[in-house]
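Residues per chain, in single letters:
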Amino acid sequence: MRETFEGNHPGAAGQKIPGPDGGPMDSVRKPSFNHPADNRSRVEEALPEGGEAASSGALAGAAGAGERETSSNIFLGILKRATYASTGTIASRVATAITGILIARAVGPGPFGVYVSVFALVTVAVAFTETGLTYGLVREGARTPRLLPILLGNVLAVKSVLGILLLTGAYFLMPFFIPPSPDAGVMHVSELIFLPLAMASFANLCSDTVIAALHVEGKQKVVSYFNIARGLLFLAGTVAIMAARGGIEAFAWYQGILYLTSLIAMFFTLLSVVSISLDLSRIGRQVKDSFVFGISILLYIIYTETPILMLSRYSPEEDVGHFAVAFRFIYLALLAGTTAANQAFLPTLFGLFKAHSGKFRQVCSSMQSLFLPAGMVIGLGMYVSAESLIILLQGEQYRPAVEIMRTLCWIVVFSYGTLPVDVALTAGDRMFVKNLMQFFVTLIMVTVGFFMIKSNGVVGISYAMLLVNFCNFLFFVLYAYKNEMYGFTSSIRMLVPAALTITAGLAVIQILPQHNFISIFLFLLASLAIWSRALLRFAHYARSNASS
């Protein structure tokens, strides 16, 4: 589900690449598009600080110049950039997630379920505009800066026209996915909030392209400031509407107007950095070169948004609201990993794959040794604290969401385990295989989800999502290992601490009451003790390689 749903998806390496934040590159001088030497200078200057503008070409140049950097140096450098890159994105999405919590608490499960359903519908609609053009913009714009104005203009034109057409079609399909409610209080809510939420979705659609162009130009700080400001304004406005006892329509209209205003401000900022032009004759080639990425994004959005649309079709609005509240916490738990993977690791690995395949495999293996334990601790931490989070933050009216959240928590474990392989497949030119796997996963979601929701309702769809994420993890990891894209050695060493972490989580939840946060603090302390040896080993490995 998008961030409240706005923005990135957990796989959008498998999801969406355009999203905030690389390294601090405002000091990089803008190249003259007519002089190759200037473009080379831009790469050389960008390399020490990082950022998407320096991603492919910078690492390829560094590898060709000599073997001065070890895989450990590269990995630690990426981590440094990932920390900076995540700041704006995480701050914005945390503010947006808190906003969603407040909205859900203010309006109740029924209206909130309709709100989430409508946003899921417009999200799927605009997903069909994503033919991979934004991926292509980042890749080709970084490699050939002089083409950026044309790439940018073409992408904005195509996505804007398709977005308007698809959102219009979604309006007429809305009664099929969101049937009129027998509750007179929410019967016409879907029609009243469609337009503002469609505005918000359309603004997100165009913002992705603008953000990608700003990244290519090294304006990561600007993107961070915009995202933080929008998130905080969304939160502040929501609090004001709550104080005025506004309904769900007021929240939806405020979101739509705010997102559209933010897009306009970001667009004019972009014009001060890069010009925009059109070359319609290039559109066909752009789509052809990047369509394989678009298929991946589209498949991911379909199998992540399908549960909401299926619940909207076959279950009461309250069930949709309970599921949405539980999934928001899961989405928040995935935030740090997806942001680091898509905004820091992926652009770097694009260049590293062809420049030095050995380092590529070692960095991917190091990612797995970091991401898998992180997913284990975060997922089980969410399991332990599920009741506290739901009851204290959302209220007793959302108690049914506790069981849903505890089922979905295991998705965090599998998702963090999948992210390094997902990134490796994307950067390693294995998009056909990745799309084929995602197609089967989508098929499983649609078929198994239909039968599960008919027999078990909202809990059934939660188990279907868990099955899909497990299949994703299994397919990706086995394929990547077979093709020597990363190694299992470090993963095998984590089997014992992983088992101890699961045991600690189950022990804490059995011994302590679940209505406070003491349990989560004890679990995190136990996890730190369990994983300390592995962390120290990794730090020693990184330090020794860096010194050599």
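Keep in mind that what you see is a predicted model, and the values were worked out from it rather than measured.

Definitions and limits used
Residues numbered from 1 in each chain as written. Predicted model: local features only at pLDDT ≥ 70, side-chain atom pairs only at ≥ 80, totals over all residues. Heavy atoms only, no water. Helix = DSSP H or I, 4+ residues; strand = E, 2+ residues; numbered from the N terminus. Buried < 20%, exposed > 50% of the residue type's maximum accessible area, 1.4 Å probe, protein only. Contact = heavy atoms within 4.5 Å. Areas by Shrake-Rupley, 256 points an atom, 1.4 Å probe, with all protein chains shown as cover. 1 Å grid on protein atoms, 1.4 Å probe; cavity = no way out; pocket = protein on both sides within 12 Å on 5 of 7 lines; lining within 4 Å. Points joined across faces, edges and corners; volume = space filled by probe spheres on them. Nonpolar A, V, L, I, M, F, W, Y, C, P; charged D, E, K, R; others polar. Patch = residues over 30% accessible without salt bridge, like charges linked within 9 Å, V, L, I, M, F, W, Y side chains within 5 Å. Salt bridge = Lys/Arg side-chain N within 4 Å of Asp/Glu carboxyl O. Expected span 1.5 Å × (residues − 1). pLDDT = per-residue confidence, 0-100. Core = buried A, V, L, I, M, F, W, Y, C linked by side-chain atoms within 4.5 Å. Axes fitted to C-alpha atoms, helices over the stretch in contact; angles between N-to-C directions. Parallel < 35°, antiparallel > 145°, perpendicular 65-115°, else oblique. Left-handed = near helix turned anticlockwise from the far one by under 90°. Phe/Tyr/Trp six-rings, centres within 6.5 Å; stacked < 30°, edge-to-face > 60°. Lys NZ or Arg CZ within 6 Å of the ring centre and 35° of its normal.

Along the backbone of the protein chain there are 18 helices and zero strands. Sorting the 548 residues of the protein chain into buried and exposed places 60% on the buried side. For the protein chain, restricting intrachain contacts to residue pairs at least 6 apart in sequence, the fraction spanning at least 24 positions comes to 85%. As displayed, the protein chain offers around 21000 Å² of accessible surface, 68% of which is attributable to carbon and sulfur atoms.

Now for the layout of surface pockets. Over the atoms, a rolled probe matching the size of one water molecule traces out where space is still vacant. Approximately 450 Å³ is the volume attributed to the second largest pocket. Lining the second largest pocket we find 17 residues, and of these Val124, Phe176, Phe177, Thr306 and Leu309 sit closest to its centre. At the level of secondary structure, the elements contributing two or more residues to the lining of the second largest pocket comprise helix H4 (109–127), helix H6 (148–177), helix H10 (283–314) and helix H15 (431–482). The greatest single-element share of the lining of the second largest pocket, amounting to six residues, is contributed by H10. When the residues that make up the lining of the second largest pocket are grouped by side-chain class, the tally is 15 nonpolar, one polar and one charged.

On the surface, a nonpolar cluster with roughly 920 Å² of combined accessible area is contributed by Phe432, Leu436, Phe439, Phe440, Leu443, Leu467, Phe470, Leu474, Phe475 and Leu478. Note that Phe439 resides in helix H15. Phe439 gets classed as partly exposed once you look at its relative accessible area, which sits at 42%.

Let us look at unusual backbone geometry. Here the phi dihedral of Arg245 falls at roughly 55°; this positive angle occurs in a residue that is not glycine. Among the structural elements, Arg245 can be located in the loop between helix H8 (220–243) and helix H9 (248–271). Look at Arg245 and you get exposed, because its relative accessible area is 77%.

With 27 residues, helix H14 (residues 401–427) ought to run about 39 Å at 1.5 Å a step, and its terminal C-alpha atoms sit 37 Å apart, in line with that. Summarising burial for H14: 24 of the 27 residues are buried, a large majority. Where H14 ends, the next residue or the one after it, Asp429, has phi of about 55°, a positive value.

All right, on to the confidence of the model for the protein chain then. On average, residues of the protein chain score 74 in pLDDT, and 74% of them reach the 70 mark or higher. Per-element mean pLDDT across the protein chain ranges from 34 in helix H1 (residues 36–49) up to 91 in H9. Between residues 1–69, whose pLDDT stays under 50, and residues either more than four places distant or in other chains, the model counts 209 contacts.

Further remarks concern the nonpolar core. Membership of the largest hydrophobic core comes to 121 residues, with the highest contact counts inside it found for Phe112, Tyr115, Phe323 and Met405. In this structure Phe323 touches Pro307, Ile308, Leu311, Ile404, Leu408, Val458, Ile461, Ser462 and Met465, once residues within four positions along its chain are discounted. Judged by nonpolar contacts, the second largest core, of 13 residues, contains Val377, Leu380, Ala498 and Phe523.

Now for the packing of H4 against H6. Contact geometry for H4 and H6: axes closest at 9 Å, N-to-C directions at 140°. As summarised for this structure, H4 and H6 are arranged oblique, according to the angle between their axes. In terms of crossing hand, the pair formed by H4 and H6 is right-handed. Side by side, H4 and H6 meet where Val118, Leu121, Val122, Ala125 and Val126 of the first sit next to Leu166, Leu167, Ala170, Met174 and Phe177 of the second. Of the residues that constitute the contact of H4 with H6, the class distribution is ten nonpolar, no polar and no charged.

This brings us to the packing of aromatic side chains. Enumeration according to the criterion identifies 15 aromatic pairs in this entry. Summarising the aromatic geometry, the rings of Phe176 and Phe177 are spaced 5.1 Å apart at their centres and angled 85° between planes, so their arrangement reads as edge-to-face. We classify Phe176 as partly exposed; its relative accessible area is 49%. Taking relative accessible area as the criterion, Phe177 reaches 23% and is therefore assigned partly exposed. These aromatic residues form a ring-pair network of at least three members: Tyr171, Phe172 and Phe194. Looking at Arg230, its charged tip hangs above the ring of Tyr259, at a distance of 4.4 Å from the centre. The ring of Phe176 carries Arg313 above its face, with NZ or CZ at 4.7 Å from the centroid.

With that settled, the discussion passes to the environment of Pro316. Summarising the element assignment, Pro316 is placed in the loop between H10 and helix H11 (317–355). With 207 residues separating them in the primary sequence, Pro316 and Pro109 have C-alpha atoms 9.7 Å apart.

On to helix H5 (residues 133–143), then. Counting buried residues along H5, nine of its eleven residues qualify, which places the element largely inside the surrounding structure. All of the buried residues along H5 are Leu133, Thr134, Tyr135, Gly136, Leu137, Val138, Arg139, Gly141 and Ala142.

With that out of the way, let us pick up the environment of Ser92. Counting through the fold element by element, Ser92 comes out in helix H3 (residues 71–107). Distance in space between the C-alpha atoms of Ser92 and Arg230 is 7.1 Å, their sequence separation being 138 residues.

With that settled, the discussion passes to the pattern of salt bridges. Should their charged atoms come close, side chains of opposite charge can pair. Taken as a whole and judged by the stated rule, the model has three salt bridges. Between Arg399 and Glu396 there is a salt bridge, and its shortest N-O distance comes to 3.0 Å. By relative accessible area, which is 35% here, Arg399 ends up partly exposed. Between Lys434 and Asp422 there is a salt bridge, with the nearest N and O atoms lying 2.8 Å from each other.

This paragraph deals with the packing of helix H7 (residues 189–216) against H9. Two quantities define a packed helix pair, namely the angle between the helix axes and the distance between the axes. Contact geometry for H7 and H9: axes closest at 8 Å, N-to-C directions at 20°. Considering their axes alone, H7 and H9 lie roughly parallel with respect to each other. Here H7 runs over H9; the crossing is left-handed. Here the contact of H7 with H9 is built from residues that sort into 24 nonpolar, four polar and one charged.

The subject of this paragraph is the environment of Phe323. You can see Phe323 is positioned in helix H11. Looking at Phe323, the relative accessible area reads 1%, which means it is buried. Considered as a pair, Phe323 and Met405 are 82 residues apart in the sequence and their alpha carbons are 7.9 Å apart.

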